[in-house]
Amino acid sequence: MKNIIAVIAVAVLVGCASFSTNVFRTEQTLTGTAYIAYVGYTNGLANGTIKPSVTESNAIRTARLDFSASVSAVESWRSAYETNSAVKPQLQSALDALTANSSKFIALINLLKK
C-alpha cells in the first residue's frame, strides 16, 4: 500500500513538473519571438523603413504593454503552481492570454512592415 501511495505521489510530482516545464518553454519561445519582432520594428524605425502613424505607434505600444503584463501573469501563476497544483486552470488561462497577446503584438508589427 505504501508503495502505491509513493508511486502516485511521484507521478503527481512528475506531472506537475512537466506541465510547469512546458509552460516555461512556451513562455520562453513566445517571449523570444516577440523580442525578435520588436527588434525588427525598432530597427525599421531607426533606419526609416517603418513610419507608423501616431495611432499605429500607440497600437504597438498598447500591444507591447499587454504582452508584458501577460508575461508577468504567467510568471506569477507558474510560481504559484510550483507549490499548489490547484491553480493549474489559472496558469493555463494566463498562458492562453500570453499566446494571444504575443500573436497580436507580432501581427501588428508585421502589418506595419509591409
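One can find the structure itself at the top, above this paragraph.
This write-up is about the structure you can find in this document. (Residues numbered from 1 in each chain as written. Predicted model: local features only at pLDDT ≥ 70, side-chain atom pairs only at ≥ 80, totals over all residues. Heavy atoms only, no water.)

Okay, the pattern of salt bridges next. One pass over the full model with this rule turns up three salt bridges. Residue Glu27 pairs with Arg78 through a salt bridge whose shortest N-O separation is 3.7 Å. With Glu27 in helix α1 (residues 2-47) and Arg78 in helix α2 (residues 54-83), the pair connects residues that are 51 residues apart, well separated along the chain. Comparing Glu27 with Arg78, the two get one shared label, buried. Between Asp66 and Lys104 there is a salt bridge whose closest N-O contact spans 3.8 Å. Here Asp66 is found in helix α2, whereas its partner Lys104 is found in helix α3 (residues 88-113), with 38 residues between them in sequence. Using a relative accessible area of 29% as the deciding quantity, one classes Asp66 as partly exposed. When its relative accessible area of 41% is taken as the criterion, Lys104 is described as partly exposed. Within this structure, Glu27, Glu75 and Arg78 form a network of salt bridges that share partners. (Salt bridge = Lys/Arg side-chain N within 4 Å of Asp/Glu carboxyl O. Helix = DSSP H or I, 4+ residues; strand = E, 2+ residues; numbered from the N terminus. Buried < 20%, exposed > 50% of the residue type's maximum accessible area, 1.4 Å probe, protein only.)

Before going further, it helps to examine α3. For α3, built from 26 residues, the straight-helix expectation of 38 Å at 1.5 Å per residue is met to within 8% by its first-to-last C-alpha distance of 37 Å. The set of residues buried in α3 consists of Leu91, Ala94, Leu95, Leu98, Asn101, Ser102, Phe105, Ile106, Ile109 and Leu112. (Expected span 1.5 Å × (residues − 1).)

What follows concerns the packing of aromatic side chains. Evaluated as defined, the whole model comprises four aromatic pairs. Ring-pair connections join several aromatic residues into one group, and the members of that group are Tyr38, Tyr41, Phe67 and Phe105. Over the ring of Phe19 we find Lys88; its NZ or CZ atom is 4.6 Å from the centre of that ring. (Phe/Tyr/Trp six-rings, centres within 6.5 Å; stacked < 30°, edge-to-face > 60°. Lys NZ or Arg CZ within 6 Å of the ring centre and 35° of its normal.)

For the rest of this paragraph, the subject is α2. Its 30 residues give α2 an end-to-end C-alpha distance of 45 Å, which sits within 8% of 44 Å, the value for a rise of 1.5 Å per residue. Considered for burial, the residues of α2 that qualify are Ile60, Ala63, Phe67, Ser70, Val71, Val74, Arg78 and Tyr81.

Attention shifts here to the environment of Pro52. On the secondary structure map, Pro52 appears in the loop between α1 and α2. Linking Pro52 and Leu112, residues 60 residues apart in sequence, is a C-alpha distance of 6.9 Å. The residues touching Pro52, leaving out its near neighbours within four places in the chain, are Tyr41, Leu45, Ser57 and Leu112. (Contact = heavy atoms within 4.5 Å.)

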